[in-house]
Amino acid sequence: MPNLLEIQNLHVTVEDKEILRGLTLTVPAGEAHAVMGPNGSGKSTLAHVLAGRPGYEVTKGDIRFRGKNLLEMAPEVRAREGVFLGLQYPVEIPGVSNMYFLKAALNALRTHRGEQELDAVEFLKIAREKATLLEIDENLLQRGVNVGFSGGEKKRNEIFQMALLDPTLAVLDETDSGLDIDALKVVANGINALRSPERAILMITHYQRLLEYIVPDKVHVLSDGQIVETGGKELALELEKTGYATFEKKRAPDVAASAPAQSA
Amino acid sequence: MLSTFEKLGIPLKEQEALAGVAVDAVFDSISVATTYKEKLAEVGVIFCPMSEAVANHPELVKKYLGSVVPYSDNFFATLNSAVFSDGSFVYVPEGVRCPMELSTYFRINAAKTGQFERTLIVAEKGSYVSYLEGCTAPMRDENQLHAAVVELVAMDDAEIKYSTVQNWYPGDKDGKGGIYNFVTKRGACRGRNSKISWTQVETGSAITWKYPSCILQGDNSVGEFYSVATTSNHQQADTGTKMIHIGKNTRSTIISKGISAGQSQNTYRGLVKILGGAANARNYTQCDSLLLGDRCGAHTVPYIESRNRTAHVEHEATTSKISEDQLFYCNQRGLSQEDAVSTSARKSSRNCRSSLPLRPRN
């Protein structure tokens, strides 16, 4: 399998503070990887850097997406190239209906790929199909983007958008946070249905809980801005038992000099 | 010089893409080429560099130059009057409808220099002309000055439509370099039923001070001002209009849209003045501002002075905001900043863009 995403020795500074310190990570197409780590280890920073959020300054390192230099692309270009970020806290946009927003987004992607734009009828047909998958009430589609949605509805709406936009790389930032067990199952089913040989999924999570429903191919442990351990799905269980403290000692002594070797 | 224009993709050769539009190119205040001159001359329209107009039509230049913007008007008008070397001159004789769009393309090329061009458009009784100016400048670290003067004169039943697409270099993201765009633009509706319409799309320049205005002297004359100003990084745009109602039944419309991003400041500053004799004068003003993020500013400074009890003056203003989070969310779903803005403020700049003779190409 070719590597869909290759991150080499990534250093990222946010407001003059170095958060990622030589992170190296590769994700091949067709696989779902989990990145786990304690609070403040840099999980969300990794998610936002991949999506190109302003304010995250890459001081060193390289990110290749399908062989292309991701860091040179504007956020909207990354999205059109197939990078999707499911946000931990989805943003509300009052006055813009969910349907209108998603139609504009899907058509921006289609235009980028040289495909014809969808008209309202064609779009609605696809949207209904995907909404059923995530048990999304049609009323929600007519409301303002995320406006007045419950925490669970917002997260479902994120995965609904992912289903609609059909990304090559889906980065899901704490998608499980704030979900009760029923909502978690719905979201997990939705994500599992989207696993495919062409797509890679990077799940960023604090707890092992999500991984019971979405079984990852690999688990990476992020600590203090570096991947300190990579293993199979059993690593998540081990973490649950022992906590992150055992892994924090494994950090390379001089983080700036070299990134730890990766087997992935 | 001509090859520079070709490199920029600005066709001056008459057979090329801009067919049907006559172009005058002004390069560091020097007019380098004017197209379609002969064809225009057939109907009596004069369209030439100011330097040629001075030589070939001194009577017209003497009569009208400085008649709308006197040399003593303001500091930059004085500077321009003292040093201007060239510009565009348009004369449309009585009853002639100019058969094509006229266009001037301005470019500041040399370093550490200013541009001081002068434009004069005269529309005689019952004539019509539409004119478009475009501006660009290459990137330089030093600030450069653009201090132009534009004068329009419309006689009885004449109409002048003047459009600007201004994209002077705005400086880098830290606010270094860029053009200071201090321009005096004014039109005089001297005749009865005359009309002057200003349309501007302002995206460039480090600092813009520009107030294209109308002196509505003739009875029933009409002034219009449509503006879209977008600012980002450290840009400052202070723009608006003055509508001076002197004649009876004069009407003016002001539609101003400002979009500010980054740490920029975007100001609408306008004056609607109704003099004692301007019975039944009407004005409608609408100012809409959109803020992107939380470090930029939008300001609206409307002045209204009415000395006539029969006048009607209306002012409407709205402000809306898109946060950086909302913008990023839109970007992450594949929408560009422009898409995001138009999605959130769908009504925004539509009516100004439809007033332009050509859609600006990027």
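Scroll up for the structure.
Residues numbered from 1 in each chain as written. Chains lettered and ligands numbered in written order. Predicted model: local features only at pLDDT ≥ 70, side-chain atom pairs only at ≥ 80, totals over all residues. Heavy atoms only, no water.

Enquirer: Go over the overall build of chain B, please, and point to the residues and values.
Expert: Counting secondary structure elements, chain B contains eight helices and 23 strands. A burial count over chain B gives 55% of its 362 residues as buried. Partitioning the contacts of chain B with sequence separation of at least 6, the portion at a separation of at least 24 is 83%. Surface accessibility of chain B: about 14,800 Å² in total, with carbon and sulfur atoms responsible for 49%. (Helix = DSSP H or I, 4+ residues; strand = E, 2+ residues; numbered from the N terminus. Buried < 20%, exposed > 50% of the residue type's maximum accessible area, 1.4 Å probe, protein only. Contact = heavy atoms within 4.5 Å. Areas by Shrake-Rupley, 256 points an atom, 1.4 Å probe, with all protein chains shown as cover.)

Enquirer: Explain the interface of chain A and chain B residue by residue, including any values.
Expert: A common way to express how large an interface is: the accessible area buried when the components associate. In this complex, chain A contributes 30 residues to the contact, which on the side of chain B involves 15 residues. Carbon and sulfur atoms make up 63% of the surface buried where chain A meets chain B, a total of about 1,900 Å² over both sides. When the buried surface of chain A facing chain B is broken down by residue, Arg53(A), Tyr100(A) and Phe101(A) rank first, second and third, together holding 26% of it. Across the chain A-chain B interface, the total number found is two salt bridges. (Buried area = accessible area lost by both parts, 1.4 Å probe. Salt bridge = Lys/Arg side-chain N within 4 Å of Asp/Glu carboxyl O.)

Enquirer: I'd like to hear about the nonpolar core, residue by residue, with values.
Expert: Judged by nonpolar contacts, the single largest core of 94 residues is most densely connected at Ile7(A), Leu23(A), Leu50(A), Phe101(A), Phe160(A) and Leu172(A). Beyond its immediate sequence surroundings of up to four residues, Phe160(A) is in contact with Leu102(A), Ala127(A), Lys130(A), Ala131(A), Leu134(A), Ile136(A) and Leu141(A). Counting residues in hydrophobic clusters, the runner-up holds 35 residues, among them Val96(B), Cys98(B), Ala158(B) and Ala278(B). (Core = buried A, V, L, I, M, F, W, Y, C linked by side-chain atoms within 4.5 Å.)

Enquirer: I'd like a rundown of the sheet that holds strand 6 (residues 83-86) of chain A, residues and numbers included.
Expert: Residue and element names in this part refer to chain A. In space, the six strands of this open sheet follow the order 6-9-10-3-11-12, with mixed pairing throughout. The outermost strands of the open sheet, each flanked by one partner alone, are strand 6 and strand 12 (226-231). Going across the sheet, the axis of each strand differs from the next one's by a mean of 20°, ignoring polarity. Pairing analysis gives four bridges linking strand 3 (residues 32-36) to strand 11 (residues 218-223), with the strands arranged parallel. Bridge pairing in strand 11 links His33 to Lys218. The strands touched by helix 6 (residues 151-165) within the sheet are strand 6, strand 9 (169-173) and strand 10 (200-205), with strand 6 carrying the most contacts at an inclination of about 170°. (Pairing = 2+ DSSP bridges. Axes fitted to C-alpha atoms, helices over the stretch in contact; angles between N-to-C directions.)

Enquirer: Kindly report on the packing of helix 3 (residues 98-112) of chain A against helix 4 (residues 120-133) of chain A, identifying the contributing residues and their values.
Expert: Angle between the axes and distance between the axes: these two values describe a pair of packed helices. Residue and element names in this part refer to chain A. Direction vectors running N to C along helix 3 and helix 4 enclose 100°, while the axes themselves pass 11 Å from each other. Relative to helix 4, helix 3 is oriented roughly perpendicular. Across the interface between the two elements, Met99, Leu102, Lys103 and Leu106 from helix 3 touch Ala120, Phe123, Leu124 and Ala127 from helix 4. Of the residues in the contact of helix 3 with helix 4, the class split is seven nonpolar, no polar and one charged. (Parallel < 35°, antiparallel > 145°, perpendicular 65-115°, else oblique. Nonpolar A, V, L, I, M, F, W, Y, C, P; charged D, E, K, R; others polar.)

Enquirer: Tell me about unusual backbone geometry, residues and numbers included.
Expert: Not every positive phi belongs to a glycine, and Asn9(A) is a case in point at roughly 45°. Checked against the element boundaries, Asn9(A) lands in strand 1 (residues 3-14). Asn9(A) sits in the partly exposed class, given a relative accessible area of 22%. Positioned with a positive phi, Asn280(B) is a non-glycine residue whose angle comes to about 60°. Considering the arrangement of structural elements, one finds Asn280(B) in the loop between strand 20 (265-274) and strand 21 (282-292). Among the residues examined, Asn280(B) registers a relative accessible area of 42% and is labelled partly exposed.

Enquirer: If you had to explain the sheet that holds strand 1 of chain A to someone new, which residues and values would you point to?
Expert: Reading across from one edge, 2-1-4-5 (chain A) is the order of the four strands in this open sheet, with antiparallel pairing throughout. Each edge of the open sheet carries a strand with a single partner, namely strand 2 (17-28) and strand 5 (68-69) of chain A.

Enquirer: Requested: an account of the environment of Gly126(B), with residues and values cited.
Expert: Residue and element names in this part refer to chain B. Of note, Gly126 is situated in the loop between strand 7 (118-123) and strand 8 (128-136). Residues Gly126 and Glu159, spaced 33 residues apart in sequence, show a C-alpha to C-alpha distance of 7.6 Å. Each residue touching Gly126, except ones within four places of it in the same chain, is listed here: Gly95, Val96, Asp156, Asp157 and Ala158.

Enquirer: Outline the packing of aromatic side chains, supporting the account with residue identities and numerical values.
Expert: Residues and elements named next belong to chain B. Taken as a whole, this structure holds eight aromatic pairs over all chains when the rule is applied. Pairing Phe182 with Trp209 gives two aromatic rings, centres 4.1 Å apart and planes at 20°, and the pair type is stacked. Here Trp209 lies in strand 14 (residues 207-210) and Phe182 lies in strand 12 (residues 178-189), a separation of 27 residues in the sequence. An aromatic cluster is built from Phe75, Phe76, Tyr180, Phe182 and Trp209, whose rings are joined through pairwise contacts. (Phe/Tyr/Trp six-rings, centres within 6.5 Å; stacked < 30°, edge-to-face > 60°.)

Enquirer: If you had to explain the pairing of strand 21 of chain B to someone new, which residues and values would you point to?
Expert: All names here are of chain B. Taking burial as the measure, the 11 residues of strand 21 include nine buried ones, the bulk of the element. Of the pairings in the sheet, the one linking strand 19 (residues 251-260) to strand 21 comprises 10 bridges and is parallel in character. The residue of strand 21 that forms the bridge with Ser256 is Cys287. Bridge count for strand 21 against strand 23 (residues 312-322) is 11 bridges, and the pairing is parallel.

Enquirer: Tell me what's going on with helix 7 (residues 181-193) of chain A, and back it up with residues and numbers.
Expert: All names here are of chain A. With 13 residues, helix 7 should reach 18 Å at 1.5 Å per residue; the first-to-last C-alpha distance of 18 Å fits that figure. Three or more residues of helix 7 are buried, namely Ala183, Leu184, Val186, Val187, Ala188, Gly190 and Ile191. Next to the buried residues of helix 7 lie helix 6, strand 9, strand 10 and helix 8 (209-213). Its side-chain oxygen 3.2 Å from the backbone nitrogen of Asp182, Asp180 forms the N-cap of helix 7. (Expected span 1.5 Å × (residues − 1). Polar contact = N/O pair within 3.5 Å; in protein donor to acceptor, adjacent residues only side chain to side chain.)

Enquirer: Describe the pattern of salt bridges, and please don't skip the residues or the numbers.
Expert: Residues and elements named next belong to chain B. Taken as a whole and assessed by the stated rule, the structure comprises 27 salt bridges over all chains. Where Glu202 meets Lys210, a salt bridge forms, and the shortest distance between an N and an O atom there is 2.3 Å. Grouping residues by exposure puts Glu202 and Lys210 together as buried. In this structure, the salt-bridge partner of Arg282 is Glu314, at a minimum N-O distance of 3.3 Å. Taken together, the residues Arg282 in strand 21 and Glu314 in strand 23 connect sequence positions 32 residues apart.

Enquirer: Hey, could you go over the side chain of Ser103(B) for me, with residue numbers and the actual values?
Expert: Checked against the element boundaries, Ser103(B) lands in strand 5 (residues 101-107). Polar side-chain contacts of Ser103(B) include one of 3.2 Å to the backbone oxygen of Leu132(B).

Enquirer: Explain the pairing of strand 4 (residues 87-92) of chain B to me, using residue names and the numbers behind them.
Expert: Residue and element names in this part refer to chain B. Among the six residues of strand 4, six are classified as buried, and the element is accordingly described as predominantly covered. Sheet topology note: the strand 3 (residues 46-49)/strand 4 ladder contains four bridges and is antiparallel. The residue of strand 4 that forms the bridge with Ile46 is Tyr91. Two elements, strand 4 and strand 7, share six bridges in a ladder whose sense is parallel. Along strand 7, the bridge assignment pairs Val92 with Ala123.

The quantities given are spatial measurements derived from coordinates; they are silent on function.
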